[in-house]
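Chain residues, written in single-letter form:
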Amino acid sequence: MILWILLSLAVLYVLLVVIAITAVVLDNHQPAETIAWVVVIASVPVLGLLLYFFFGQDLRRERLFSKKSLDLLTHKMMSRYVSQKGNSDIPKEDIHLIRFMKMHNYAFPFVGNDVHVFTEGEDFIGDMLRHIGRATHHIHMEFYIVEDDPVGRLVHDALMDAAGRGVKVRFIYDDVGCWNVPRSFFREMEKAGIEVVSFLPVRFHRLAHHINYRNHRKLVVIDGKIGYVGGMNLALRYVRPVQGKKWYDTHIRIEGSGVYGLQLLFLSNWFWTSREMVNAPAYYPPCSASSNSGVLLQIVSSVPFSNWPALMMGYCKAIHNARKRVLIQTPYFMPTQSLIESLQTAAMSGVQVQLMVPEKPGGFWMTWCNQSYFGDMLKAGVELYTYLPGMMHAKMIVVDDRFVSIGSANMDFRSMLDTFEACAFIYDEGFCRQMQQRFFEARKDCKRIDLQTWRSRSLRRRLIASFVRIFSPMF
């Protein structure tokens, strides 16, 4: 009897493995991701199936997101408030990239914006709190991570104070990113009159449907006039060194019509999570900025249900347009094959490509995931730098003197294909030079890795990196 039970279970398990592998193949992922999942399912008994069940299923279009019909409707309805004056000033060199992002990402080009850069968490949090204190109409926030620590509490209390004086406050947090935050933290906000929504809340019986598609954005809109976007979350480690290790990041404040782009992203996500349509003209107030001053920018998003991976394609196009240099900062470097080939092509064409990643991005696995791609870059002539003082969490790309991307997206599979991201594409020579200088300043705290040194590493290190790379598309 026991033998028959065991045999039946074995047959059932094999059947499940075959079904899962068939599903992976039919999902038409990128080949590297498909191979990774097939290897995991076939070679890791039971756990491989569980990992695929929780993280690997492609339910993006037909099952999960189609029911919401998403933000295409809300983008169209809200876009009537968006001023498009000054588009004739778009530089010829960038017109194709700008047109592509507008057509396939609803990323309208906005002129006349003032942009301020923060690389220290203390400066960003302090500036944001000052503008929260001045808010008169509404505050919209969307963060992947919010901690119940001194920084999280400062923002928590400031928002409750704003709600108390009649400001409309809406807050979206990612349920997975905030797993360790006590629910009382958010209930206090709700009691103070703040509308709080959890993005794709995870419950065990629905875990497989929700856990793989997370909201990784970090954006704020205040009164429709002030906006923030970048890589910083609401947690103490972004402000104070952890165990003496510095945290280096990049966040920007936008003033001008570009805030409309952030508002579009927030309110479309708000509709998608709460089913409340918010599109009153008061959320898109007139902007005083002139098209003759300030920078031209687009607010670009990455969404897992899109017909095209527009953010990744935009990066590839910007890199292909490079003539002199490409500078990249990213904490996690596990690029798609398209990005690998774009960077290699640029470097092998004589473009100076410099890549900066943290020496230790956090955890054994992520360190080896990053390093597994170093060889691809070094062999093509990319200059590789590892940041030594601590965690380099900035997500920035600078191309020549024309293009900068700053936002929440890492240069990895998940940011390009599976998570909700928000980035500012900025087209301005002066701003590009400013960000180049910041890159070069950070480079002083880096160690350069050359190809000869990389090739001389031990066999053990090569084997570990090669093994980890198989699974990197999953992380």
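Relevant structure appears above.
We now turn to the structure provided with this report. (Residues numbered from 1 in each chain as written. Predicted model: local features only at pLDDT ≥ 70, side-chain atom pairs only at ≥ 80, totals over all residues. Heavy atoms only, no water.)

**Details of helix H7 (residues 121-134)**
Then, number 1: Here H7 is 14 residues long and its end C-alpha atoms lie 20 Å apart, about the 20 Å a rise of 1.5 Å per residue gives.
Then, number 2: Those residues of H7 that fall on the buried side of the exposure criterion are Gly121, Phe124, Ile125, Asp127, Met128, His131 and Ile132. The buried residues of H7 all sit within an arc of 165 degrees when viewed along its axis, so they share a single face. Among the exposed residues of H7, those oriented more than 90 degrees off its buried face are Glu122 and Arg134. (Helix = DSSP H or I, 4+ residues; strand = E, 2+ residues; numbered from the N terminus. Expected span 1.5 Å × (residues − 1). Buried < 20%, exposed > 50% of the residue type's maximum accessible area, 1.4 Å probe, protein only. Arc of directions from axis to C-beta.)

**Notes on the nonpolar core**
Then, number 1: The biggest cluster of nonpolar side chains holds 95 residues, and the ones touching the most others in it are Met128, Ile139, Met141, Leu159, Phe171 and Tyr315.
Then, number 2: The leading source of residues in this core is helix H12 (residues 310-320), at seven residues.
Then, number 3: What leucine 159 contacts, discounting residues up to four positions off in sequence, is Ile132, Ile139, Met141, Val169, Phe171, Met189 and Ile194.
Then, number 4: Listed in part, the 52 residues of the second largest apolar core include Tyr213, Tyr260, Trp272 and Met356. (Core = buried A, V, L, I, M, F, W, Y, C linked by side-chain atoms within 4.5 Å. Contact = heavy atoms within 4.5 Å.)

**Structural notes on unusual backbone geometry**
What you tend to see is this: most non-glycine residues have negative phi, and most peptide bonds are trans.
Then, number 1: The backbone of aspartate 223 sits at a positive phi, close to 60 degrees, despite the residue not being glycine.
Then, number 2: The residue aspartate 223 is located in the loop between strand S5 (218-222) and strand S6 (226-230) in this model.
Then, number 3: Within the chain, aspartate 400 stands out as a residue other than glycine whose phi angle is a positive 50 degrees.
Then, number 4: Here aspartate 400 shows up in the loop between strand S15 (396-399) and strand S16 (403-407).
Then, number 5: Look at aspartate 400 and you get buried, because its relative accessible area is 2%.

**A closer look at the pairing of S5**
Then, number 1: Most of S5 is tucked away: five of the five residues are buried.
Then, number 2: Neither face of S5 is exposed, since Lys218, Val220 and Ile222 on one face and Leu219 and Val221 on the opposite face are all buried.
Then, number 3: Relative to S5, strand S2 (residues 138-143) is paired through five bridges, and the arrangement is antiparallel. Looking at the pairing, isoleucine 139 lines up with isoleucine 222 of S5.
Then, number 4: Sheet topology note: the S5/S6 ladder contains four bridges and is antiparallel. Across the sheet, residue isoleucine 222 finds its bridge partner in S6, namely isoleucine 226. (Pairing = 2+ DSSP bridges.)

**Topic: the packing of aromatic side chains**
Each aromatic ring pair is described using two quantities: the centre-to-centre distance and the angle formed by the ring planes.
Then, number 1: Going through the model one piece at a time under the given rule, you end up with 20 aromatic pairs.
Then, number 2: Between phenylalanine 185 and phenylalanine 186 the ring centres are 5.2 Å apart and the planes differ by 85 degrees, which places this aromatic pair in the edge-to-face class. In terms of burial, phenylalanine 185 and phenylalanine 186 fall into one category: buried.
Then, number 3: Judged by centre distance (5.7 Å) and plane angle (40 degrees), the ring pair of tyrosine 248 and tyrosine 387 falls under tilted. Here tyrosine 387 lies in strand S13 (residues 383-387) and tyrosine 248 lies in strand S7 (residues 246-248), a separation of 139 residues in the sequence.
Then, number 4: In this structure, arginine 275 is placed above the aromatic ring of phenylalanine 271, and the distance from its NZ or CZ to the ring centre is 4.6 Å.
Then, number 5: If you follow arginine 457 out to its NZ or CZ, it ends over the ring of tryptophan 454, 4.1 Å from the centre. (Phe/Tyr/Trp six-rings, centres within 6.5 Å; stacked < 30°, edge-to-face > 60°. Lys NZ or Arg CZ within 6 Å of the ring centre and 35° of its normal.)

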